[in-house]
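Observations on the three-dimensional arrangement
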Amino acid sequence: MNKGAGSGPTAAAAAAAAQKQKTLMQRVETDIASIVDNFSQLVNVARVNDPPVRNSQESFMMEMRASRMVQAADSLLKLVSELKQTAIFSGFASLNDHVEQRTNEFNQQAEKTDRMLARTGEEAAASLKELEAHYYSSGHRTTQNSQQ
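Residues numbered from 1 in each chain as written. Predicted model: local features only at pLDDT ≥ 70, side-chain atom pairs only at ≥ 80, totals over all residues. Heavy atoms only, no water.

Note the following rule: UniProt positions are given in the numbering used here, feature names are shortened, and annotations may be inferred rather than shown by experiment.
Going by an unreviewed UniProt entry, the protein carries the name Mediator of RNA polymerase II transcription subunit 22 and comes from Citrus clementina. For the record of the protein, the UniProt heading Subcellular location (unreviewed entry) holds the text "Nucleus".

Some points on the overall build of the protein
Basically, it comes down to this: Counting from the N terminus, the helices are the DSSP runs of H or I reaching at least four residues and the strands are the DSSP runs of E reaching at least two. Whether a residue is buried, partly exposed or exposed follows from its accessible area with a 1.4 Å probe, protein chains only, as a fraction of its type maximum: under 20%, in between, or over 50%, in that order. It only takes one pair of heavy atoms within 4.5 Å for two residues to be counted as in contact. Exposure was quantified through the Shrake-Rupley algorithm and a 1.4 Å probe, taking into account, for residues, occlusion by the shown protein chains and nothing else.
When you go through the protein residue by residue, the secondary structure sums to three helices and zero strands. Starting at the N terminus, the α and β elements of the protein follow one another as α-α-α. For the protein, buried positions account for 7% of its 148 residues. Sequence separation of 24 or more characterises 70% of the internal contacts of the protein that already satisfy a separation of 6 or more. Accessible area of the protein: about 11900 Å², with a carbon and sulfur share of 59%.

As for the packing of aromatic side chains
For clarity, the threshold we go by: The criterion for an aromatic pair is that two Phe, Tyr or Trp rings (for Trp, the six-membered ring) have centres within 6.5 Å, with stacked assigned to planes under 30 degrees apart, edge-to-face to planes over 60 apart and tilted to the rest.
By the definition in use, this model includes one aromatic pair. With a centroid separation of 5.4 Å and an interplanar angle of 65°, the aromatic rings of Tyr135 and Tyr136 are classed as edge-to-face. Given a relative accessible area of 35%, Tyr135 falls into the partly exposed group.

Overview of the pattern of salt bridges
Inclusion rule: Take a side-chain nitrogen of Lys or Arg and a carboxyl oxygen of Asp or Glu: if they are within 4 Å of each other, that pair is a salt bridge.
Across all of its chains, the model carries six salt bridges by this definition. Put simply, Glu82 and Arg27 hold a salt bridge, and the shortest N to O gap is 3.0 Å. Here Glu82 is found in helix 2 (residues 52-137), whereas its partner Arg27 is found in helix 1 (residues 8-45), with 55 residues between them in sequence. A salt bridge links Arg119 to Glu123; the nearest nitrogen and oxygen atoms lie 4.0 Å apart. Of this pair, Arg119 and Glu123 both sit in helix 2, four residues apart, roughly one helical turn. Among the residues examined, Arg119 registers a relative accessible area of 46% and is labelled partly exposed.

So, the environment of Ala73
Here Ala73 shows up in helix 2. Residue Ala73 is classed as partly exposed on the basis of its relative accessible area of 32%. Once the C-alpha coordinates of Ala73 and Asp31 are considered, the two residues, 42 residues apart in sequence, prove to be 7.1 Å apart.

Observations regarding the side chain of Asp31
To keep things clear, this is the line we draw: His is not counted, nor are the chain ends, whereas Lys and Arg count as positive and Asp and Glu as negative.
You can see Asp31 is positioned in helix 1. Of the side chains with opposite charge, Arg27 comes closest to the buried, unpaired Asp31, at an N-O distance of 5.1 Å. Not counting residues within four places of it along the chain, the set of residues in contact with Asp31 comprises Ala72, Ser75 and Leu76.

Considering the confidence of the model for the protein
Keep in mind that low pLDDT regions are not for reading the predicted coordinates in detail. Here is the rule: The predictor reports its confidence for every residue as pLDDT, a score running from 0 up to 100.
For the protein, per-residue confidence averages 79 on the pLDDT scale, and residues scoring 70 or more make up 78% of the total. Mean pLDDT across the secondary structure elements of the protein bottoms out at helix 3 (residues 139-147), with 63, and peaks at helix 2, with 85. Within the model, the stretch residues 1-7 combines pLDDT values under 50 with seven contacts to residues more than four positions away or in other chains.

Here you go:
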């Protein structure tokens, strides 16, 4: 159960977790930058101008920027969901490791208890044999039988 610090599944899991964290942070930065950029563009385009053609172009630009903001926000929501799932499943993994460790400890303690009980049983049998031998060879036994 005791693994080295630089090898085995724990090192691979740590490396995978670090890579996943880096990827998630890049996604967060990209999505937030997209929201901020699209919002600032949306505010710039929202100026009122007189020519009707220009207003329809600006309207289209506003819709496009708003759509991009919604997509970036949706991406952030998916990221939050993914982080929650990761936290839950990594919690289960560490819980499983803890349960396995405790199971091994209890198995070792059960084996130790079984050995101790076997030794105690052997000592009790030896003591009983010694007491029986002492009883049958003692004068006390013969005096009790004569009184009956």
